[in-house]
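Geometric and topological summary
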Amino acid sequence: MSPTLDTDTATAFGASAPVLSYGPVILSVPGRPVDLRIRVSAPVTGTDLPVVLFSHGHGASNNLSSLNGYAPLVDLWAAAGFVVIQPTHLSSRTLSHRLTGAPGAPLFWRSRAEDMSHILDRLDEIESAVPRLAGRVDRDKVAVAGHSLGGHTAGLLLGARITDPDTGDEVDLAEPRIRTGVLLAAPGRGGDVLNGPMAEQVPFFHTTDFSTMTPPVLVVTGDKDDSRHFTDVGPDWHADPYRLAPAPKTLLTLFDAGHLLGGISGYDAAETTDEDPGRVAALGSLTSAYLCAQFGCGDHDWREVCEALTAGPAPVGRVEFR
């Protein structure tokens, strides 16, 4: 039986609440080879809204790896009361024809994290540019979330460190204005376990150190997400950010979920091998409840939501705490 989202739970988290989505907001960043383009999604009403910075992955589609992707999840977060800001990173396929051979290409791991700091530096400008948003954002409540390669980016912003493969220097890109985060199908540890055919193309994965990722983080994995192109460890590899980082950490394992966790990268995206709108709706509720618990917003109890969606005859997954 496919997991379904309880109607009362969906309503409680505003799944049907109207949202606004505005983009692109274009920011000129000195030294960046192209302008930083972002999309902002937010509920139509409400004040003191927390911010979620979202880092896209590096999938096969042209536009899902950009500010135009991830609407199935972003819409749910915005309806739940968050201002979601999505940059188009330099690694986006929408830019690959312009940036071939540019420093950092093709994955631009450092620039991806720096994009988020640029956004935080210019929240005033962004807030003023988006209709009906001015004066509604809480600058003290900032989270970062990311999927796949975006999960790696989010981890760096939350304090994980790597060794620059070009210089041998340890890299610290932690962003102190970010209080918490959600890692969705993020890569795990490096070293000898990175033995798949794509491992040589991501040398910055090899030295990932989660021991310095100290903020509270929700790590989300799919129990069918077997990334053989990177490692033969199996789906458990994606749980490394939970197991290898200091507490407090939370692990959500979604049952029967592949790398796109039911279809978060785009509505009816052909690359989704495990399409399940109910799973995506449950993920939206669980992640919204987690972030609300971290920020003290809303009246919803995170553990009650976990119980509602991970117990019963058709649980969507399991949750572990440490």
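Now for a description of the structure that goes with this document. (Residues numbered from 1 in each chain as written. Predicted model: local features only at pLDDT ≥ 70, side-chain atom pairs only at ≥ 80, totals over all residues. Heavy atoms only, no water.)

With respect to the packing of helix H8 (residues 277-295) against helix H9 (residues 302-310)
Running from N to C, H8 and H9 cross one another at 165°; their axes reach a closest spacing of 9 Å. Here H8 is positioned roughly antiparallel relative to H9, judged by the angle of their axes. In this structure, the crossing between H8 and H9 has a hand that is left-handed. Of the residues in H9, those in contact with Ala-282, Ser-285, Leu-286, Ala-289, Tyr-290 and Ala-293 of H8 are Trp-302, Val-305, Cys-306 and Leu-309. (Axes fitted to C-alpha atoms, helices over the stretch in contact; angles between N-to-C directions. Helix = DSSP H or I, 4+ residues; strand = E, 2+ residues; numbered from the N terminus. Parallel < 35°, antiparallel > 145°, perpendicular 65-115°, else oblique. Left-handed = near helix turned anticlockwise from the far one by under 90°. Contact = heavy atoms within 4.5 Å.)

Some remarks on the nonpolar core
Leu-53, Val-83 and Ile-85 are the most contacted members of the largest nonpolar core, which totals 54 residues. The leading source of residues in this core is helix H4 (residues 109-121), at five residues. Those residues in contact with Leu-53 that lie beyond four places of it in its chain are Ile-85, Met-116, Ile-119, Leu-120, Val-142, Ala-143, Val-144, Ala-145 and Ile-178. One finds Phe-54, Leu-76, Val-280 and Tyr-290 within the second-largest nonpolar core, a separate group that totals 37 residues. (Core = buried A, V, L, I, M, F, W, Y, C linked by side-chain atoms within 4.5 Å. Buried < 20%, exposed > 50% of the residue type's maximum accessible area, 1.4 Å probe, protein only.)

Examining the pattern of salt bridges
With the rule as written, the count across this model stands at 18 salt bridges. For Arg-32, the salt bridge goes to Asp-115, with nearest N and O atoms at 3.0 Å. Here the residue Arg-32 occupies a position in the loop between strand E1 (19-27) and strand E2 (36-43), and Asp-115 occupies one in helix H4, the gap between them amounting to 83 residues. A single burial state applies to Arg-32 and to Asp-115, both of which are buried. The closest approach of N and O atoms between Asp-172 and Arg-161, which form a salt bridge, is 3.2 Å. (Salt bridge = Lys/Arg side-chain N within 4 Å of Asp/Glu carboxyl O.)

Details of the packing of aromatic side chains
Aromatic ring pairs are defined here through the distance separating the ring centres and the angle between the ring planes. Under the counting rule described, the total for this entry stands at eight aromatic pairs. Centre to centre, the rings of Phe-204 and Phe-205 are 5.1 Å apart; their planes meet at 80°, and the pair counts as edge-to-face. Both residues of the pair, Phe-204 and Phe-205, count as buried. Judged by centre distance (6.4 Å) and plane angle (85°), the rings of Trp-302 and Phe-321 are edge-to-face. Highlighted residues: Trp-302 in helix H9 and Phe-321 in strand E11 (residues 317-321), separated in sequence by 19 residues. Residue classification places Trp-302 among the buried positions, given a relative accessible area of 10%. The exposure class assigned to Phe-321 is partly exposed, which follows from its relative accessible area of 37%. (Phe/Tyr/Trp six-rings, centres within 6.5 Å; stacked < 30°, edge-to-face > 60°.)

Side note on the sheet that holds strand E5 (residues 137-147)
Taken together, nine strands build an open sheet; the order of strands is E1-E2-E4-E3-E5-E8-E9-E10-E11 and the sheet is mixed. Only two strands of the sheet have a single neighbouring strand rather than two, namely E1 and E11. Strand-to-strand twist of the sheet, defined as the mean angle between neighbouring strand axes without regard to direction, takes the value 20°. Across five bridges, the pairing between strand E10 (residues 249-254) and E11 is antiparallel. Following the sheet pairing, Leu-254 is matched in E11 by Gly-317. (Pairing = 2+ DSSP bridges.)

Structural notes on the pairing of strand E3 (residues 49-55)
The side chains of a regular strand alternate, first on one face of the sheet and then on the other. Of all the seven residues making up E3, seven are buried; the element is thus mostly covered by neighbouring parts of the structure. As paired strands, E3 and E5 are joined by six bridges and run parallel to one another. Within the sheet, the bridge partner assigned to Leu-49 lies in E5 and is Val-137. Relative to strand E4 (residues 83-87), E3 runs parallel, the two being bridged by three bridges. Residue Val-52 lies in a different strand from E4, and its bridge partner there is Val-84. Crossover connection from E3 via helix H2 (residues 71-79) to parallel E4: handedness right-handed. (Right-handed = clockwise from strand over helix to strand, strands pointing away.)

A few points about unusual backbone geometry
Here Ala-105 and Pro-106 are connected by a cis peptide whose omega angle stands at 0°. Within the element layout of this structure, Pro-106 appears in the loop between helix H3 (96-99) and H4. Here the bond from Ala-247 into Pro-248 is cis, since omega is 5°, no more than 30 degrees from zero. Here Pro-248 is to be found in the loop between helix H7 (240-243) and E10. Of note in the backbone geometry, Tyr-70 takes a positive phi value of approximately 65° without being a glycine.

Observations concerning the pairing of E4
Counting buried residues in E4 gives five out of five residues, a clear majority hidden from the surface. Along E4, one buried face is formed by Val-83, Ile-85 and Pro-87 and the opposite face, lined by Val-84 and Gln-86, is buried too. As paired strands, E2 and E4 are joined by four bridges and run antiparallel to one another. By the bridge assignment for E4, Arg-39 is matched with Gln-86.

Description of the state of the cysteines
Here, the word disulfide means a covalent bond between the sulfur atoms of two cysteines. Throughout the structure, instances matching the rule amount to zero disulfides. Counting only cysteine sulfurs, Cys-297 is the nearest neighbor of Cys-292, a cysteine outside any disulfide, at a range of 3.2 Å. For Cys-292, a relative accessible area of 6% puts it in the buried group. Given a relative accessible area of 18%, Cys-297 falls into the buried group. (Disulfide = S-S within 2.5 Å.)

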